Amino acid sequence: MHTVGETRYNHWFDGLALLHSFTIRDGEVYYRSKYLRSDTYNANIEANRIVVSEFGTMAYPDPCKNIFSKAFSYLSHTIPDFTDNCLINIMKCGEDFYATTETNYMRKINPQTLETLEKVDYRKYVAVNLATAHPHYDAAGNVLNMGTSIMDKGKTKYVIFKIPATVPEDKKGKNPLKHTEVFCSITSRSLLSPSYYHSFGVTENYIVFLEQPFKLDILKMSTAYIRGVNWASCLAFHKEDKTYIHIIDQRTKKPLPTKFYTDAMVVFHHVNAYEEDGCLLFDVITYEDSSLYQLFYLANLNQDFEENSRLTSIPTLRRFAVPLNVDKNAEVGSNLIELASTTARALKEKDDQVYCQPELLYEGLELPRINYAHNGKRYRYVFAAEVQWSPIPTKILKYDVLTKSSLKWGQEHCWPAEPLFVPTPDAKDEDDGIILSAIVSTDPQKLPFLLILDAKSFTELARASIDVEMHLDLHGLFIPDTDWDARKQAPSQEEPDGAPDCCEAPQT
Ligand SMILES: CC1=C(/C=C/C(C)=C/C=C/C(C)=C/C=O)C(C)(C)CCC1
Ligand SMILES: [Fe+2]
């Protein structure tokens, strides 16, 4: 929802979160959508205008009150109270599901009814002011995530933390979040300008964190309110800086001592990472600048948006290779990577620094997904949305990192969303499964639909058209029946409160 009363958000990432779900049962597809009833949503609806600040919109809650009292409260809390408008992803934590964003708040949801439940403040469990919406899960379902702790006890740190999937027997019924443990912390290179990051990578034994020169300026943030500017203006890309590659050993819970770095770049999505012959390889979608966030200003997403919203750098899949044991005696200038599988290089420099040069794999893709059973391990397939110079995806892509070939699905007037890979039960091959993607149509005559592709051949298996106004979504989660304990989630007593907020009808 981008307008409330007479007020309008500036940026696409500001909109009030709309959850949607497709339930596939007995050969039929049921669709449901519902606004997340965040505190932000409720405050805005009650005031009939935007009263909570978002990424691209600064809001002034009390125009009648003395502006200085609010300004003072913002200044005395260097980090203001952020929004709980959780619009980015869905996370599974123990038996619970949460809508997530990148602030310190999450909202528990009932994934069956899409009702909004408790508001969770990460800060109650771990000292972070920001956290990613892209956690990792291990085979047991434990959550590994990271966040930034700003100027806590005089330090700004990146904190990696673990939330267990289950709690000890004697503590049954307790919230797994209460058992959150800090795994490792890395001190930010700069107290007042920590890096912005949207995701990170894991392998079987390591964690990959990119400290990129796309930074949050904390002083700018603490004065943004009185200066009348948004949070987005407090983020800046420093193209003259380096990108530091931190590799954390999961066994020692410590970063490797070698200083690995590469050129300035912006990464939102890590695709996958794995270990091979003493090296760590990681695949990420890189940009040469931060123009992506600039493009999503609603002023650009208008009639002429094909013209206005041209990316200045194309999202590119690149593979980096990091040597896990750096030979102290290796010659300065020598390449420490001797893998047949990649042309990525890691050049030894003086003072034991290592400069990493990536291999370019594919140009023009975003919203990557993999078969998650291969997360942290050797893998072959990236499923993604194809994007060229405009941030709007036009096709779904299957890219084979081994043969470097690709398969595509696209249709006129169709804008696909993130392609979710769902494995076939008892799958043998990595691509034994299906792809799910919610497709919106730019042709008013054509209904939006849930597309189901065979992940191997990339041919269409089925589609379920739905007669609703559907929106292009961001990230999602497939919840198999086995993960779904209906007894634990009480059925909703709530009445549907009308279109477009909630609708449910069998659609085939
Ligand atoms: C509100 C707020 C933030 C919100 C960021 C958001 C909402 C980012 C969305 C990113 C997406 C959707 C990326 C897709 O690739 C920050 C900058 C963390 C910090 C300041 C307060
Ligand atoms: Fe994302």
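Positions within a chain are numbered from 1, following the residues in the order the chain's sequence is written. Think of it this way: whatever chain is written first is A, whatever ligand is written first is 1, and the rest follow in order. Since the coordinates come from a predicted model, pLDDT governs what is reported: local features require at least 70, and pairs of side-chain atoms require 80 or more to be given and counted, while whole-chain, interface and lining totals use all residues. Calculated side-chain values reflect all of the structure's heavy atoms, with hydrogen atoms and water omitted.

- With an unreviewed UniProt entry as reference, the chain is termed Beta-carotene oxygenase 1, source organism Ursus americanus.
- The heading Sequence similarities (unreviewed entry) in the UniProt record of the chain holds the text "Belongs to the carotenoid oxygenase family." UniProt positions are given in the numbering used here, feature names are shortened, and annotations may be inferred rather than shown by experiment.

**Here's the deal with a nonpolar patch on the surface**
Right, on to step 1. On the surface, L191, L192 and L219 cluster together into a nonpolar patch covering about 230 Å² of accessible area.
Right, on to step 2. Helix and strand assignments follow DSSP, with helices taken as H or I runs no shorter than four residues and strands as E runs no shorter than two, numbered in order from the N terminus. Along the chain, the position of L219 falls in helix α3 (residues 218–227).
Right, on to step 3. On the accessibility criterion, L219 (48% relative accessible area) is partly exposed. Each patch is assembled from residues with relative accessible area greater than 30% and no salt bridge, linking like charges that lie within 9 Å and nonpolar side chains (Val, Leu, Ile, Met, Phe, Trp, Tyr) that lie within 5 Å. Using a 1.4 Å probe, accessible areas were evaluated by the Shrake-Rupley method; residue-level cover was limited to the displayed protein chains. We count a salt bridge whenever a side-chain nitrogen from Lys or Arg sits within 4 Å of a carboxyl oxygen from Asp or Glu. Exposure classes here rest on a 1.4 Å probe applied to the protein chains alone. A residue is buried below 20% of its type maximum, exposed above 50%, and partly exposed in between.

**Notes on the nonpolar core**
Right, on to step 1. By size, the foremost hydrophobic cluster in this structure holds 69 residues, and its most contacted members are I245, I247, F260, F282, Y293, L317 and V382.
Right, on to step 2. Of the residues forming this core, the biggest block, seven residues, is contributed by strand β22 (residues 279–287).
Right, on to step 3. Whether two residues are in contact is decided by their heavy atoms, any of which lying within 4.5 Å being enough. For I247, the residues in contact, after removing those within four places along its chain, are Y206, I207, V208, K254, P255, L256, F260, L280, V322 and L324. Nonpolar cores are built from buried Ala, Val, Leu, Ile, Met, Phe, Trp, Tyr and Cys residues. Side-chain atoms within 4.5 Å join them into one set.

**With respect to the site of ligand 1**
Right, on to step 1. Any residue with at least one heavy atom within 4 Å of a molecule or strand is counted as near it. Near ligand 1 lie 15 residues; those nearest to it are I88, H198, W231, H269 and Y293.
Right, on to step 2. In isolation ligand 1 exposes 550 Å². Once the protein is present, 98% of that is buried.
Right, on to step 3. A pocket here means an open set of points on a 1 Å grid, computed over the protein atoms alone, that has protein on both sides within 12 Å along at least five of seven lines. A cavity is instead a set of points where a 1.4 Å probe fits but cannot get out; residues with an atom within 4 Å of a point line either one. In this scheme, a molecule is assigned to a cavity or pocket if more than half of its atoms are within 2 Å of the grid points. Among the detected pockets, ligand 1 sits in the largest cavity.
Right, on to step 4. Put simply, Ala, Val, Leu, Ile, Met, Phe, Trp, Tyr, Cys and Pro go in the nonpolar bin, Asp, Glu, Lys and Arg in the charged bin, and everything else, Gly too, in the polar bin. In the shell around ligand 1, the residues fall into nine nonpolar, five polar and one charged.
Right, on to step 5. Shared between two domains, the shell around ligand 1 holds at least three residues of each, these being domain 1 (1–107) and domain 2 (125–363). Per the annotation, domain bounds derive from an automatic or database assignment of domains.

**Here we look at the UniProt feature "binding site: Fe cation" (unreviewed entry) in the chain**
Right, on to step 1. Per the UniProt record, "binding site: Fe cation" (unreviewed entry) is found at H134, H198, H269 and H475. Over a stretch of 342 residues, the named residues converge on one spot in the fold, their C-alpha atoms separated by at most 12.5 Å. Considered against the largest cavity, the annotated residues that line it turn out to be H198, H269 and H475.
Right, on to step 2. Structurally, H134 can be placed in the loop between β9 (130–131) and β10 (136–137).
Right, on to step 3. Using a relative accessible area of 15% as the deciding quantity, one classes H134 as buried.
Right, on to step 4. Here H134 is in contact with N89, N145, H198, S199, F200, H269 and H475, once residues within four sequence places are set aside.
Right, on to step 5. Tracing the sequence through the fold places H475 in the loop between β35 (460–465) and β36 (506–507).
Right, on to step 6. Classification of H475 by relative accessible area gives buried; the value is 11%.
Right, on to step 7. Among residues more than four places away in sequence, those in contact with H475 are I88, N89, H134, H198, H269, L367 and E418.

**Brief notes about the domain arrangement of the chain**
Many authors give the size of an interface as the accessible area that is lost as the parts come together.
Right, on to step 1. Assigned domains within the chain: domain 1 (1–107), domain 2 (125–363) and domain 3 (370–481).
Right, on to step 2. For domain 1 versus domain 2, the distance between C-alpha centres works out to 25 Å.
Right, on to step 3. With 39 residues of domain 1 at the contact, the number on the domain 2 side is 39 residues.
Right, on to step 4. Values labelled buried area give the accessible surface lost by two parts on being combined, using a 1.4 Å probe and summing over both. Sorting the residues of domain 1 by area buried against domain 2 places F55, M58 and E102 first, and these three jointly supply 20% of that buried surface.
Right, on to step 5. For this analysis, a polar contact is any N or O atom pair within 3.5 Å, provided that within protein one partner can donate a hydrogen and the other can accept it, and provided that sequence-adjacent residues contribute only side-chain to side-chain pairs. Put simply, domain 1 and domain 2 have 14 residue pairs in polar contact (both at pLDDT 80 or more) between them.

**Digging into the coordination of the iron ion (ligand 2)**
Right, on to step 1. Only H134 (NE2), H198 (NE2), H269 (NE2) and H475 (NE2) from the protein reach the iron ion (ligand 2) as donors, at distances of 2.1 Å.
Right, on to step 2. Only nitrogen, oxygen and sulfur atoms qualify as donors, and only when within 2.8 Å of the metal (3.2 Å in the case of Na, K and Ca); with water excluded, sites may look incomplete. Donor angles set the geometry label: tetrahedral for four donors if every angle is between 85 and 135 degrees, square planar for four and octahedral for six if opposite donors exceed 155 degrees and the others are between 65 and 115, irregular for anything else. Because the angles between the four donor atoms bound to the iron ion (ligand 2) fall within 94 to 148°, the donor set is best described as irregular.
Right, on to step 3. In primary-sequence terms, the residues that donate to the iron ion (ligand 2) follow H-x63-H-x70-H-x205-H. Here H269 lies in strand β21 (residues 266–276) and H134 lies in the loop between β9 and β10, a separation of 135 residues in the sequence. Residue H134 shares its accessibility class with H269, and that shared class is buried.

**Points about the pattern of salt bridges**
Right, on to step 1. Per the counting criterion, the structure on display carries 24 salt bridges.
Right, on to step 2. The salt bridge involving R123 is made with D121; its shortest N-O contact spans 3.0 Å.
Right, on to step 3. With its nearest N and O atoms 3.1 Å apart, the salt bridge here joins E386 to K408. With E386 in strand β28 (residues 381–386) and K408 in strand β30 (residues 406–409), this residue pair connects regions lying 22 residues apart in the sequence.
Right, on to step 4. Judged by its relative accessible area of 5%, E386 is buried.
Right, on to step 5. K408 sits in the partly exposed class, given a relative accessible area of 40%.
Right, on to step 6. When salt bridges with common partners are traced through the structure, they connect K398, D429, D431, D432 and K456 into a single cluster.

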